[in-house]
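Each chain is listed here by its residues.
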Amino acid sequence: MKILGIFRGFPGLGRVVGGVSLLEEMRKIYGHKIKLISYLQGSKYLESRGYPIDCEAEPLDYCSIGLLPTNKMGAYIHSTIHNFNPDVVLIDGEPLIVHSLRVSYPKLKICVLLNPADVENPSNEMEAMDFFNSMYAKANLAIVHGLRIAQTKYQYPYIVNIPTIIRAEIASIKNIPSNIIYCLLGGGTVNTSNTFVRSSLDIVRLSLVLAKDNPMYTVHVVCSSDNIYDVVSQMDIPQNVVIHGDILSAEVYYKSASLIITRSGRNTLSELLYLGIPTISFITGDKYRSEEQKQNIASVNGSNIHYVSSDIPITEFLSIGRCLLNENCVSSNSFKPGNDIALECIQNLLKY
């Protein structure tokens, strides 16, 4: 069997990591052939895992909600389907591509991976949610994975809510805390608002202050995007701070971190819940993303994660950081990912 994965590559990596992990697991467990397509930040992630990038997206290939089916990348996707002839296409974050493929290939089996906010988000306009649901409902199977159960009034052919799908390599990581702190920005700064970029830089500035306050620790700032890296590189960087422009593997930062500083995104929170690493998690960004992050937080029950706003006073931030570093312990995990359920659902779609 052959599976084609198409994943939105911006503003961060949330639409890429879960789908890639699922397809790699299906290749390992069932022997299926897989092919992966993404762009922007998603291309960087695929390259970091050894996948070739056969087509690079240009600005005219995408809009704020993903790829346009009628331009170069859209043509490349159709060409790939003709040449690869997949049994199932797995799509995350590309509503227009779902619609396009359903029009061109009425009998093609399509599975969409969805964030709960894709199908239920009161902070988004009702008309926008109607549009997104109508597009995603054209798939044969919808897998909604995240930290909460989402409801929708739309009639999907088959829809299932499961816990967040996390990268398979997370399960093999054992955190042994050392004098290392990681600030993970997640790559969510490409093709996004200035507000979101500014909030990312605010997190970096607070992390630099924490580094000065804790000279015995090394603070690694993982920018994951060139625009943030370029700005951070011009800041007053303490000697115990290392700035990374590229995406790092999860094993690198999770295996030795005493503290993680990050945003309140679905994937990262789920991984940190699973691993139990002490975490300071920021609510940041524009209205849509900050509201989604608040929904994530409301659904999380993990003693290792401390939530703060991006305008937290420096003294309060330093106090939380010192407290977590002094605890220097890993909480027992209570999070069970949804990978197994997702694999079973896709395998059943392949059979029928």
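Details of the structure are given in the entry above.
Description of the structure in this document. (Residues numbered from 1 in each chain as written. Predicted model: local features only at pLDDT ≥ 70, side-chain atom pairs only at ≥ 80, totals over all residues. Heavy atoms only, no water.)

### Here's the deal with empty space enclosed by the protein
Right, on to step 1. Enumeration according to the criterion identifies two cavities of 30 Å³ or more in this entry.
Right, on to step 2. Reported here for the largest cavity is a volume of approximately 60 Å³.
Right, on to step 3. Looking at the largest cavity, the residues that line it are Lys-35, Leu-36, Ile-37, Ser-38, Leu-46, Pro-52, Ile-53, Asp-54, Cys-55 and Tyr-76.
Right, on to step 4. Looking at the lining of the largest cavity element by element, the count peaks at three residues for strand S2 (residues 33-37). (1 Å grid on protein atoms, 1.4 Å probe; cavity = no way out; pocket = protein on both sides within 12 Å on 5 of 7 lines; lining within 4 Å. Points joined across faces, edges and corners; volume = space filled by probe spheres on them. Helix = DSSP H or I, 4+ residues; strand = E, 2+ residues; numbered from the N terminus.)

### Description of the packing of helix H3 (residues 72-84) against helix H4 (residues 95-104)
Right, on to step 1. Packing of H3 against H4 leaves a shortest axis separation of 12 Å and a crossing angle of 45 degrees. Relative to H4, the element H3 lies oblique. When the axes of H3 and H4 are compared, the crossing they make is right-handed. Along its contact with H3, which presents Ile-77, His-78 and Ile-81, the element H4 presents Ile-97, Ser-100, Leu-101 and Ser-104. (Axes fitted to C-alpha atoms, helices over the stretch in contact; angles between N-to-C directions. Parallel < 35°, antiparallel > 145°, perpendicular 65-115°, else oblique. Left-handed = near helix turned anticlockwise from the far one by under 90°. Contact = heavy atoms within 4.5 Å.)

### Focus: the packing of H4 against helix H6 (residues 126-136)
In a packed pair of helices, the relevant descriptors are the angle between the two axes and the axis-to-axis distance.
Right, on to step 1. Between H4 and H6, the shortest axis-to-axis distance is 8 Å and the interhelical angle comes to 40 degrees. Taken together, the axis directions place H4 and H6 in an arrangement best described as oblique. Viewed along their axes, H4 and H6 form a crossing whose handedness is left-handed. Contacts between H4 and H6 involve Pro-95, Leu-96, Val-98 and His-99 from the former and Phe-131, Phe-132, Met-135 and Tyr-136 from the latter.
Right, on to step 2. Residues of the contact of H4 with H6, tallied by class, amount to seven nonpolar, one polar and no charged. (Nonpolar A, V, L, I, M, F, W, Y, C, P; charged D, E, K, R; others polar.)

### Side note on the packing of aromatic side chains
Right, on to step 1. Summed over the entire model, instances satisfying the criterion amount to seven aromatic pairs.
Right, on to step 2. Considering the side-chain rings of Phe-131 and Phe-132, the 5.8 Å spacing of their centres and the 65 degrees angle between planes classify their relative orientation as edge-to-face.
Right, on to step 3. An aromatic cluster of three or more residues is present, and its members are Phe-10, Tyr-39 and Tyr-62.
Right, on to step 4. One cation-aromatic arrangement involves Lys-2 over Phe-84; the distance from NZ or CZ to the ring centre is 5.4 Å.
Right, on to step 5. Here the guanidinium or amino end of Arg-8 rests over the ring plane of Phe-10, the centre of that ring lying 5.5 Å away. (Phe/Tyr/Trp six-rings, centres within 6.5 Å; stacked < 30°, edge-to-face > 60°. Lys NZ or Arg CZ within 6 Å of the ring centre and 35° of its normal.)

### Topic: the nonpolar core
Right, on to step 1. Residues Ile-6, Ile-77, Ile-91, Leu-101, Val-112 and Leu-114 are the most contacted members of the largest nonpolar core, which totals 33 residues.
Right, on to step 2. If you list the elements that add at least two residues to this core, you get strand S1 (2-7), H3, strand S5 (88-92), H4, strand S6 (109-114), H6 and strand S7 (141-146).
Right, on to step 3. With five residues, H3 is the single largest residue contributor to this core.
Right, on to step 4. Aside from chain neighbours lying at most four places away, what touches Ile-91 is Ile-6, Ile-97, Val-98, Leu-101, Ile-110, Cys-111, Val-112 and Leu-113. (Core = buried A, V, L, I, M, F, W, Y, C linked by side-chain atoms within 4.5 Å. Buried < 20%, exposed > 50% of the residue type's maximum accessible area, 1.4 Å probe, protein only.)

### Considerations on the sheet that holds strand S12 (residues 259-263)
Right, on to step 1. A sheet is described by the order of its strands in space; here six strands give the open sequence S11-S10-S9-S12-S13-S14, paired in parallel fashion. Each of the sheet's edge strands pairs with one partner strand only, and the pair in question is strand S11 (241-244) and strand S14 (305-309). Within the sheet, the average angular offset between the axes of one strand and its neighbour, ignoring direction, is 15 degrees.
Right, on to step 2. With four bridges joining them, S12 and strand S13 (residues 279-283) adopt parallel strand pairing. Bridge pairing links Ile-260 to Thr-279 in S13.
Right, on to step 3. Docked against the sheet, helix H7 (residues 194-213) engages strand S9 (180-184), strand S10 (218-222), S11, S12 and S13, running at close to 165 degrees with respect to S12. (Pairing = 2+ DSSP bridges.)

### Re the sheet that holds strand S8 (residues 159-163)
Right, on to step 1. Taken together, the six strands give an open sheet; going across it, the order is S2-S1-S5-S6-S7-S8, and neighbouring strands pair in parallel fashion. The open sheet is flanked by S2 and S8, the only strands paired with a single partner. Direction aside, the axes of adjacent strands within the sheet are offset by 20 degrees on average.
Right, on to step 2. Inspection of the sheet shows S7 paired to S8 by five bridges, in the parallel sense. Paired with His-145 across the strands is Ile-162, a residue of S8.
Right, on to step 3. Strand contacts of helix H1 (residues 17-30): S1, S2, S5 and S6, with the helix running at about 170 degrees to S1, the strand carrying the most contacts.

### Here we look at the environment of Ile-346
Right, on to step 1. Along the chain, Ile-346 turns up in helix H13 (residues 339-351).
Right, on to step 2. Sequence-distant contacts of Ile-346, defined by excluding residues within four places in its chain, comprise Leu-22, Met-26, Leu-90, Cys-111, Leu-141 and Ile-143.

### Brief notes about unusual backbone geometry
Right, on to step 1. Each neighbour pair has its own omega, and for Phe-10 with Pro-11 the value is -5 degrees, a cis peptide bond.
Right, on to step 2. Relative to the assigned elements, Pro-11 resides in the loop between S1 and H1.
Right, on to step 3. In this model, Leu-40 sits at a positive phi of 50 degrees, which is unusual for a non-glycine residue.
Right, on to step 4. Its location among the elements puts Leu-40 in the loop between S2 and helix H2 (41-48).
Right, on to step 5. Unlike most non-glycine residues, Asn-85 shows phi in positive territory, near 55 degrees.
Right, on to step 6. Turning to its location among the elements, Asn-85 is positioned in the loop between H3 and S5.

### A look at the pattern of salt bridges
Right, on to step 1. Counting across every chain of the model gives 12 salt bridges.
Right, on to step 2. Asp-130 is paired through a salt bridge with Lys-153; the nearest N and O atoms lie 3.6 Å apart. Of this pair, Asp-130 sits in helix H6 while Lys-153 is found in the loop between S7 and S8, placing the two residues 23 residues apart along the sequence.
Right, on to step 3. With relative accessibility at 22%, the residue Asp-130 sits in the partly exposed group.
Right, on to step 4. Relative accessible area serves as the criterion here: at 62%, Lys-153 is assigned to the exposed category.
Right, on to step 5. Note that Arg-205 and Asp-202 form a salt bridge whose closest N and O atoms lie 3.3 Å from each other. Separated by three residues within a single helix, Arg-205 and Asp-202 lie in helix H7, roughly one turn from each other.
Right, on to step 6. The class of Asp-202 is partly exposed, set by a relative accessible area of 30%. (Salt bridge = Lys/Arg side-chain N within 4 Å of Asp/Glu carboxyl O.)

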